[in-house]
Amino acid sequence: MNNEGTRTVRLTVEVSDCGIAGLGDKDLDGCADTPVQSAGFIEVEQGWVTLHITHQCGPADFTVTIADRDPGADLATYEDITEIGYVSISGKVEMSGFTFDAAVTHPLPSLPAGPGTYRIRYHVKNMDWEGARDDGVDDHYLQIWPAPLEEPAIVKATSNASEYFLDREKFARDREL
């Protein structure tokens, strides 16, 4: 989908182990001054965004929307949705999976406001199923738009995995683990 001010792309990142994918500035000469933050399945540290995915290894399908304003959360399709602030020093970002070989990066469309502060909303579904179900909708959906830095937010949390990532000690205590 490409509307004026909005670009949506689909991509697949390969993950060898550890169940994470990442987003960061392309051709970094340093790291952005993004505060260290965490909100469930998404974390930001030293300008790098870590995205926990539905499975430990294999291909991970993502839909990514880059917009000039908040495109609105997809509350009906996704079980867990979190938001976090991000600072881009270049205005150009790329995604990659975690592999033991050379990382394959996937450049994304340029950020609409160039270098500056952005909001990232991460939608996830099927997190409790250790892998995707084939319903034609990617289990991972990112939205990125210009916004001032704000505290991380949990928009929706319904999976057991989200309970774990939000408070690991409470999760273990509640389940007498």
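Residues numbered from 1 in each chain as written. Predicted model: local features only at pLDDT ≥ 70, side-chain atom pairs only at ≥ 80, totals over all residues. Heavy atoms only, no water.

Participant: Mind showing me how you'd approach the overall build of the chain here?
Facilitator: When helices and strands are tallied, the chain shows two helices and 13 strands. Classification of the 177 residues of the chain by burial places 45% in the buried group. Within the chain, residue pairs in contact and separated by at least 24 positions form 80% of the contacts whose partners lie at least 6 positions apart. When the accessible area of the chain is evaluated, it comes to approximately 9000 Å², of which 49% is carbon and sulfur surface. (Helix = DSSP H or I, 4+ residues; strand = E, 2+ residues; numbered from the N terminus. Buried < 20%, exposed > 50% of the residue type's maximum accessible area, 1.4 Å probe, protein only. Contact = heavy atoms within 4.5 Å. Areas by Shrake-Rupley, 256 points an atom, 1.4 Å probe, with all protein chains shown as cover.)

Participant: Hey, could you run me through empty space enclosed by the protein in this one?
Facilitator: Over the atoms, a rolling probe the size of a water molecule traces out where space has been left empty. Applying the stated criterion to the full structure yields one cavity of 30 Å³ or more. The volume enclosed by the largest cavity comes to roughly 40 Å³. Looking at the lining of the largest cavity, the elements that each hand over two or more residues are β8 (80-88), β13 (153-157) and α1 (160-166). For the lining of the largest cavity, the leading source of residues is β13, giving three residues. Here the lining of the largest cavity is built from residues that sort into four nonpolar, three polar and two charged. (1 Å grid on protein atoms, 1.4 Å probe; cavity = no way out; pocket = protein on both sides within 12 Å on 5 of 7 lines; lining within 4 Å. Points joined across faces, edges and corners; volume = space filled by probe spheres on them. Nonpolar A, V, L, I, M, F, W, Y, C, P; charged D, E, K, R; others polar.)

Participant: Whenever I open this one, the packing of aromatic side chains confuses me. Can you help?
Facilitator: Geometrically, a pair of aromatic rings is defined through the distance of the ring centres and the angle of the planes. A full pass over the atoms with the stated rule returns two aromatic pairs. Ring plane angle 15° and centroid distance 6.4 Å describe the contact between Phe62 and Tyr122, whose orientation is recorded as stacked. Here Phe62, found in strand β7 (residues 58-67), pairs with Tyr122, found in strand β11 (residues 116-124); they are 60 residues apart in sequence, far enough to count as distant. You can call Phe62 buried: its relative accessible area is 0%. Using a relative accessible area of 1% as the deciding quantity, one classes Tyr122 as buried. (Phe/Tyr/Trp six-rings, centres within 6.5 Å; stacked < 30°, edge-to-face > 60°.)

Participant: I'm lost on the sheet that holds strand β10 (residues 105-107) in this one. Help?
Facilitator: Sheet strands line up and pair through hydrogen bonds in the backbone, either parallel or antiparallel. One open sheet holds the six strands; their spatial order is β4-β5-β6-β3-β9-β10, and the pairing between them is antiparallel. Each end of this open sheet is capped by a strand with a single partner; those strands are β4 (37-39) and β10. For this sheet, the mean inter-axis angle between neighbouring strands, taken without regard to orientation, is 20°. Here strand β3 (residues 20-25) runs beside strand β9 (residues 93-97); their pairing, made up of five bridges, is antiparallel. Bridge pairing links Gly22 to Ser96 in β9. (Pairing = 2+ DSSP bridges. Axes fitted to C-alpha atoms, helices over the stretch in contact; angles between N-to-C directions.)

Participant: What should I look at first to understand the pattern of salt bridges in this one?
Facilitator: Close approach of charged atoms lets side chains of opposite charge pair. By the definition in use, this model includes five salt bridges. The salt bridge partner of Arg119 is Glu83, with a shortest N-O separation of 3.1 Å. Of this pair, Arg119 sits in strand β11 while Glu83 sits in strand β8, placing them 36 residues apart in sequence. Both residues of the pair, Arg119 and Glu83, count as buried. One salt-bridge network, in which partners are shared between bridges, spans Asp70, Glu83, Arg119 and Arg121. (Salt bridge = Lys/Arg side-chain N within 4 Å of Asp/Glu carboxyl O.)

Participant: Is there a simple way to explain the nonpolar core in this structure?
Facilitator: If you look at soluble globular proteins, the nonpolar side chains tend to sit buried side by side. With 30 residues, the main nonpolar core has Phe62, Val64, Met95, Ile120 and Tyr122 as its most contacted residues. Beyond its immediate sequence surroundings of up to four residues, Ile120 is in contact with Leu23, Ile42, Val49, Thr82, Glu83, Ile84, Tyr86, Leu142, Gln143 and Ile144. (Core = buried A, V, L, I, M, F, W, Y, C linked by side-chain atoms within 4.5 Å.)

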